[in-house]
Amino acid sequence: LAKTTQPISMDSYEGQEVNITCSHNNIATNDYITWYQQFPSQGPRFIIQGYKTKVTNEVASLFIPADRKSSTLSLPRVSLSDTAVYYCLVGDRGEVRFGAGTRLTVKP
Amino acid sequence: SQTIHQWPATLVQPVGSPLSLECTVEGTSNPNLYWYRQAAGRGLQLLFYSVGIGQISSEVPQNLSASRPQDRQFILSSKKLLLSDSGFYLCAWSRLGAGNEQYFGPGTRLTVT
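The next subject is the overall build of chain A. The helix and strand inventory of chain A stands at 0 helices and 9 strands. Beginning at the N terminus, the succession of helices and strands in chain A can be written as β-β-β-β-β-β-β-β-β. Out of the 108 residues in chain A, the part that is buried amounts to 47%. Within chain A, contacts between residues at least 6 apart in sequence are counted, and of these 54% link residues at least 24 apart. Computing the positive centroid from 11 side-chain charges and the negative centroid from 9, chain A places the two 4 Å apart.

Spelled out as structure tokens, the structure:
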């Protein structure tokens with residue numbers, strides 16, 4: 001399974017766009033790239049998943065370059081309630097490994 | 001719509017006692033099922049996953065076991081708990097062919113004393 005690397009922590013302010021980048025140099029051909037959000041004492045919540053190019057839903061966008069060795073989660077206009085840990089995962093068929101994630105802190 | 005249930009929500013058990021955590025999914029058939037553990041301040045560790053009744057794959061050797069007696073029921077067990085088994089236990093499900101899109105239950109906070 002491909003290993004992922006993402007920043008340990010990030011700070012932002014309300015109303016700003018936040019981009020969290022994840023490196024996955026050993027991604028396999030069949031692997032999807034998936035992002036989750038986790039609040040304290042809760043299970044992770046699925047945010048977005050993609051295979052290549054760009055994916056957008058109501059809460060985020062996921063940018064994947066052609067070589068798929070990295071990906072960027074973009075959160076538009078964050079609020080205080082977006083303070084959480086964000087996990088990047090790669091794999092297929094659900095056999096994934098959660099890393100340490102990125103702790104995003106949104107300040108007023 | 002699909003719903004995933006876990007119980008109990010919290011549990012305090014002495015070292016050496018047995019454990020049984022249950023997870024059930026409603027509103028879907030043939031889900032993939034997963035058990036994770038999260039130690040305080042750490043990431044999630046995949047313990048077991050199942051693609052069907054009686055089919056269990058173990059990720060980490062330990063004193064825990066899992067069973068799937070029914071299509072939408074997943075049970076995590078231990079015969080004798082260790083202090084290191086303390087943590088936040090999460091069950092998740094996914095659809096076949098949905099990649100890594102998993103949906104998590106509310107979790108069980110286990111404290112072994």
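Right, let's get into the interface of chain A and chain B. Each partner contributes to the interface: chain A provides 21 residues, whereas chain B provides 22 residues. Of the roughly 1,600 Å² buried between chain A and chain B, counting both surfaces, carbon and sulfur atoms make up 47%. Here chain A and chain B share 0 salt bridges between them. Our enumeration of links across chain A and chain B arrives at 10 residue pairs in polar contact (both at pLDDT 80 or more).

About the cut-offs
Residues numbered from 1 in each chain as written. Chains lettered and ligands numbered in written order. Predicted model: local features only at pLDDT ≥ 70, side-chain atom pairs only at ≥ 80, totals over all residues. Heavy atoms only, no water. Helix = DSSP H or I, 4+ residues; strand = E, 2+ residues; numbered from the N terminus. Buried < 20%, exposed > 50% of the residue type's maximum accessible area, 1.4 Å probe, protein only. Contact = heavy atoms within 4.5 Å. Lys, Arg positive; Asp, Glu negative; His and termini not counted. Charge placed at Lys NZ, Arg CZ, Asp CG, Glu CD. Buried area = accessible area lost by both parts, 1.4 Å probe. Salt bridge = Lys/Arg side-chain N within 4 Å of Asp/Glu carboxyl O. Polar contact = N/O pair within 3.5 Å; in protein donor to acceptor, adjacent residues only side chain to side chain.

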